[in-house]
Amino acid sequence: MGKNISTDLIRGHTDTIVLNVLRHGDSYGYEIYKKIVRLSGNQYQLKEATLYTAFRRLEKEGSVESYWGDETQGGRRKYYRITEAGLRHYEQNKADWNFAKDILDKLIEGGIENEE
């Protein structure tokens, strides 16, 4: 049986995950969802409600912009693109994540030194 990552570990990083996907090009909701599943090696599936809440939050703060596609077949899709502010937001969140990851590695795997 495969392992799945805890939703609690992902919570708080949803925006950064979405911004990372959009760094590679404009995309629409379901396609972003599929890319996240693929990036995780099928170990994580973001709930649809969580994803669309993240889109609204990111758009409100100016990290992403949305626009309607011009599909000739099927329903129209709402596409999202990352903004310059979104790129800065992503880079800051990534730096914060790496800092936290280093601290957590020390706290979880480190030994206790003599306190003198």
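Residues numbered from 1 in each chain as written. Predicted model: local features only at pLDDT ≥ 70, side-chain atom pairs only at ≥ 80, totals over all residues. Heavy atoms only, no water.

(A) A look at the pattern of salt bridges. Summed over the entire model, instances satisfying the criterion amount to 4 salt bridges. The partner of Asp15 in a salt bridge is Arg57, with the nearest N and O atoms 2.8 Å apart. With Asp15 in helix 2 (residues 14-23) and Arg57 in helix 4 (residues 48-60), this residue pair connects regions lying 42 residues apart in the sequence. Asp26 serves as the salt-bridge partner of Arg81, at 3.5 Å between the closest nitrogen and oxygen. Taken together, the residues Arg81 in strand 3 (residues 78-82) and Asp26 in the loop between helix 2 and strand 1 (27-28) connect sequence positions 55 residues apart. By relative accessible area, which is 30% here, Arg81 ends up partly exposed. Connected through shared salt-bridge partners, Asp26, Glu65 and Arg81 make up one network. (Salt bridge = Lys/Arg side-chain N within 4 Å of Asp/Glu carboxyl O. Helix = DSSP H or I, 4+ residues; strand = E, 2+ residues; numbered from the N terminus. Buried < 20%, exposed > 50% of the residue type's maximum accessible area, 1.4 Å probe, protein only.)

(B) Molecular detail of the sheet that holds strand 1. Ordered in space as 1-3-2, the 3 strands form an open sheet in which the pairing is antiparallel. Bordering the open sheet on either side are strand 1 and strand 2 (64-68), each of which pairs with just one other strand. Pairing analysis gives 2 bridges linking strand 1 to strand 3, with the strands arranged antiparallel. Counterpart to Ser27 in the pairing with strand 3 is Tyr80. Sitting on the sheet, helix 2 is in contact with strand 1, strand 2 and strand 3, with an inclination near 90 degrees to strand 3. (Pairing = 2+ DSSP bridges. Contact = heavy atoms within 4.5 Å. Axes fitted to C-alpha atoms, helices over the stretch in contact; angles between N-to-C directions.)

(C) Representation of the pairing of strand 3 in the model. Summarising the sheet, strand 2 and strand 3 pair through 5 bridges and their orientation is antiparallel. Residue pairing in the sheet places Tyr67 in a bridge with Tyr79 of strand 3.

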